[in-house]
Structure formats: structure tokens, C-alpha cells
Amino acid sequence: MRSSNPRDRRQAMKRKRGQTALDIEQQDSSSSDTNAVSQSTEDDSQNQTPTKRRRTLPSTGGDTVASTGHINSVKSTPTKATRSSDRIRVSLLKTPTKTVGSLSRTDTPTRVLDAERSARRKSARKLIERPVSGVSSDEEELEEEEDLLAQDIWGTAEADGEGRANAHGDIEEAAAAAAAAGGTTPTPKKRGRPPKTPRSKRSPTPPHDLPPHEQYFYHNRPGGNKTSNNTLASLSLLNHEEYFSLIRNYVDPHESERAFLHEIHARSFEQWRFELSEGFSLCLYGWGSKRQLTQDFAHWLYRQSSSQADDSDQEEGTGCKIVVVNGYVSSVSIKEVINTVLSALDAPNLPPKLTGQPADMLETLLSLLTEHASLSSNNNHPITLIINSIDGPPLRRPATQSLLSRLAAHKAIHLLATADHPSFPLLWDSSLRESFNFLFHDCTTFEPYEAEIDVVDSVNELLGRTGRRVGGREGVGYVLKSLPENARSLYRVLVGEQLAGMEDGLPAAAAEEDEETGAGNSSADGVEYRVLYQKAVEEFICSSEVAFRTLLKEYVFTSRHLAFLITRLANE
Amino acid sequence: MTLFDFRFHDHQMITSKKDALGAEFLRVPFRKEELEAIIEDLMG
């Protein structure tokens, strides 16, 4: 119940019995004409044509009566809802029926919302004003009536939506929600706070019977805020001990399945060998690290060829030569690949290393390969080149790929490559594809990318290189402890200046930026050399620029020198 | 025995960057919270 006022209940009961206009007129001893008229229009409004309703809407009555009229004429529905809770309970159980003209088609959700809002505002104003301004006894009954109405508007704002939904079967759930939201703060009543009504449950039925233009807006309404409040900042960071203990105790539940999958892939080794021998290159793709797979293939291949070699006569190189390139290592380069392949060729009179431009190196290598292939009587010893992660970051340059394709095109080279990036085919255009002569095999292994991804490096990159494995500030502390007093003071001054600079309105993100990436912000983030020098001189830390620079260098060299000890200490 | 080999990484206690007009900026590459902690350590 929205109010336990017995008079209210009586009124409500009366209304329920349909004695609305008459009752109100009787109660209002000093009802003016306009009031009566508006009261009658209130009842007619149910059957009103839309135009009539609209005319009464924009009334901007300054006096209480007009505003009452306004409220009453607009809010046909509150009166319906202000009939007692019994009515609402009954209507809840009733099958919803649409009352004709109860909501006109031009009564758009927004209009109703606005009307409700203005009604609430006006009633709120009245509720506040009257106790403040004082009440004249003549109009007391009228004002009490208004007061109750106002309270009802506030109190039944939530139930209003519910009643409407169930009574008419057409609910603007937005309206109900807005009503519920708008009516949450009840203004202080004359007789104490109104009991807080429960929020109306949103009806899951979308509003039908909307005019088509409103339907469009309803269908294209923006969704709610999809940003979750669960941020990373609310997490507590994992430290080293926790991580190690967790990792030690971790048992992978899919170990056996992955092993089974690996075994299935291993059954294709024979096929791969055949395809390689026919002059194709192989490209293994699919989610998961294929490093173990290629390693096993290399072992298998070697065993196969050595067992074959046992059958035939012994030759200089038993077994085939296999060169494995790890494309995920950041230091790999095409020159290195070429030199390694060269070293696998054990022909006499070979230079130990090729130099110069990679293209020239490749030319030399290819000619040497051709020589070697023609020289040896038995052509069955091509070099198997296994490139793990041919799409690794160091190998992604088009020049590198074209050189690799020419290498793969040579008949003395068998190429087996693996690809990890999902867009790996973009590396090669049709001419490269022609040279490579790829056959693609799906080798999804679900193995974790342990070798390919350096976890610590990538996390450091994410976090902006905080102290890079010094253990953060602990390492710094150790280094500083080993330095003389003035070095410590200088560092203190530097950090203090930098902090002061950061607090002067710079975003905290600036401090977290990687030195290399923070092109724009890093200038403001640090301390200017001159400024620091001045400060150092002021605080008698050093007296000359040379001494200053020496102190600065201490930080770099001492930290490097103490690196090993510090990390050992930090990890204990 | 550590899982990662820390030995061969530089410890960034201070970095120097030249910016815009060529002025040299010295920077301690830590987060604000860590900087405050360092100062605390150095004070007492």
C-alpha cells in the first residue's frame, strides 16, 4: 500500500465504485469551476480523442488549481492506479485486455514519460511548497486532495507501470523503468515518509502497439553500457612465489588428449616425407605449438634415412641433413639461415661463412647446392630445412620470404614450415606460392606456445617495463645500498623530481609507457638533465658536471654489475 | 633454481631520452607507486 491514509483508501474505494467526479466535487467545498471542469475531463479523458488530450497537456498553470487540472487531465491512468491495491491485485490476475483509447497511438512513450515526469515534478513542488508557505484553512480540503494525489503520483509511480502493464497489456517498459527510476526519491510528506514501494518488475514483453516510427526507435535503441565494472585494476598482482607454487602444482587435464592428437599427426610423417621427395614444400598450420611435432618429424626422418643408409653402401653422410630454424626467436635472420644451410653442406672447399647482401649470399648458396647435387652420385640426400614459425616476426619481411621461396624452390632443399599467425597466407603472393609449391596440412596440436612466446618479455611489454626483472624496486634498493651516499641522494632527488612532475597533472599512464614507445609522453615524464644538475648542485651532491655524469653512469653500470646477485637475492 | 634466466638483462634504473628540441631527459622507468616506495626506502 502506498499510503495508509484511511481517507485515501476511502477515496480509492469510492473511485473504484465509479463515483469519481461526483465525490471529488463534493469533497472540494471550494472547488472552482476550472477544477470541476478539469475533474470531469479527467474522466472523459479515457474516452477522449487524442486531440483533446493534447490540448490540455501544455497548460502551464501557475496556480495550484490549474496545475491540479493539468495533472488530472494528463494522468488518466494514475487515477486508475490510485484505486486501491485491491484493484491492482485483481488486475494482476486478470487477462490483460486492451482498453480502447486508453493510450492513443500518438501518445508516444517519450511523451508519456515527459508528462509523467512533469506531473511528478509539479506534485513534488506542491508537496514541498505547501508546508513551507502555510495553508489556509479554506482550501485545506482541496489541498489535501492535491496532496494525496501528489503522494499517489510519487508513490504509485512504480505500481503505475505495473498496473498499466497488466491492465492494458501494452507496457512501455522504458516508461515503467523511467518511472521507477524517477520516483525513487520521495519528497518528505507532511505525515512522514511514504513507504518505499518496490520497484516494478520490468515486463519482458516488448511494447507492441507502438506507432511505426516509435517502433523504429525502439528497435534501434542503444543497448546498455557493455563495459563491465570488473577491471584489471581491482585484481591483486601475482608475485613470483605464488606463481611458482601454482605452476608447480598445476596438472593439465588435457595431457592425454594432446598426446593422442600428437600421435595421430605422427601417423602422417610418411606422407610428409613422400610429398617432400616429390618436390613439394610443406606448410603446417593450426592452433598450437607445432615445434614438438617438427622435432619428432626430424627425429623420425633421421632414423628412417639412417636405416635406409644401413641397407645401402656407407657414404660420407649417413642419414639426411636436417636444418632447423626457429623463426620465433627475435634474433633470427635470413643471413643466419643461409649460413646454417651452407654449413650443412659438407662439401670440400667451402667458405665457412658467406657475407654480403642476403640476395648475393643466396645466389652463392644456390649455385653451391646445384654443384653439390650434381657432384654426388647419389641424389638422395637433399637438405631438409625445417622452419618453425615461418611467419615469425623476424621473418615477416617480404624480402626474406622471397629469398626463402627461392631456396625452397631448389631441388636439393626440402622445406617443411610451420605457421602460427592466423593470417599467415598473406605473406605470399602468387609468385611466391609458385616458388614455394606449398602443400598445407592442418596440424592443430593445442600445445601451449611455451617456446615461441617469452612470457616475461611480453608481460613486461604490457606493463611498461617496470624495473625489468630487478624485482621492481627491491633491486633498485640493493643497487643503491651499494653506492655511496651522494649517489643515493641524487637518485632520491631524481625520483622526487619525477614524481613531482607526474603529479602535476600528467596521467599515470605516462609513467607506465615503455621508453621506446612513449615517444610523445616520455619527455614530460622524465626530468630534464639541466634541471637535475641544478638540483644536485644546490643540494651539494656534486660540484661539477663530470662528477654528475659519473654518478649517473654508476646507476647503469653498477646495476649491470650486480645483476646476478640482485636477482638471486630478490628471488629468495 | 629459477625458472627464468635473469642474468643477462639490463636493469633499468635510469634511462636517458632526448626529446623534441634535443634536450636530454632522465627518467626512472617505474610506476608512480613504485617511485613513491623507492623514495620511502631512501628516506629511512
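Residues numbered from 1 in each chain as written. Chains lettered and ligands numbered in written order. Predicted model: local features only at pLDDT ≥ 70, side-chain atom pairs only at ≥ 80, totals over all residues. Heavy atoms only, no water.

1. Here's the deal with the overall build of chain B
Basically, it comes down to this: Secondary structure elements follow DSSP: runs of H or I of four or more residues count as helices, runs of E of two or more count as strands, with numbering from the N terminus. Note on classification: 1.4 Å probe, protein chains only; a residue is buried when its accessible area is under 20% of the maximum for its type, exposed when over 50%, partly exposed between these limits. To be clear on the numbers: accessible area is Shrake-Rupley with a 1.4 Å probe, and residue cover counts the displayed protein chains and nothing else.
When you go through chain B residue by residue, the secondary structure sums to one helix and two strands. In sequence order, the secondary structure elements of chain B are arranged as β-β-α. Looking at chain B residue by residue over its 44 residues, the buried ones come to 48%. For chain B, the accessible area works out to roughly 2,600 Å², and carbon and sulfur atoms hold 53% of it.

2. Describing the nonpolar core
A general tendency of soluble globular proteins is for nonpolar side chains to be buried together. Test applied: To form a nonpolar core, buried Ala, Val, Leu, Ile, Met, Phe, Trp, Tyr and Cys residues must be joined to one another through side-chain atoms within 4.5 Å. In what follows, a contact means two residues having at least one pair of non-hydrogen atoms within 4.5 Å.
Core analysis: the biggest nonpolar cluster contains 39 residues, and A:V341, A:L365, A:L369, A:L385, A:L407, A:W428 and A:F436 have the highest contact counts within it. The set of elements that each furnish at least two residues to this core consists of β2 (321-326), α17 (334-344), α18 (358-375), β3 (383-388), α19 (398-409), β4 (413-418) and α20 (430-436) of chain A. Counting residues per element, this core draws most heavily on α18(A), at seven residues. Once residues lying within four places of it in the same chain are set aside, the contact partners of A:L407 are A:V341, A:L362, A:L365, A:L366, A:L369, A:L385 and A:I413. A:L494, A:L499, A:Y529 and B:I39 belong to the second largest nonpolar core, which has 32 residues in total.

3. A closer look at the sheet that holds strand β2 (residues 23-27) of chain B
Put simply, the rule reads: The pairing criterion is simple: DSSP has to find at least two bridges between the two strands.
Spatially, three strands are ordered β6(A)-β2(B)-β1(B) in an open sheet, and the strand pairing comes out antiparallel. A strand with exactly one partner marks an edge of an open sheet, and here the two such strands are β6 (527-528) of chain A together with β1 (15-19) of chain B. Here β1(B) runs beside β2(B); their pairing, made up of five bridges, is antiparallel. Paired with B:S16 across the strands is B:L26, a residue of β2(B).

4. Describing the confidence of the model for chain B
Residues and elements named next belong to chain B. Test applied: On a range of 0 to 100, pLDDT expresses the predictor's confidence in each residue.
Put simply, chain B has an average pLDDT of 70, and 70% of its residues get 70 or more. Mean pLDDT across the elements of chain B ranges from a minimum in β1, with 78, to a maximum in β2, with 83. Counting interchain partners and residues more than four positions distant, the pLDDT-below-50 stretch residues 1-9 has 17 contacts. Both scores are given for the predicted complex: the pTM is 0.44, the ipTM 0.81.

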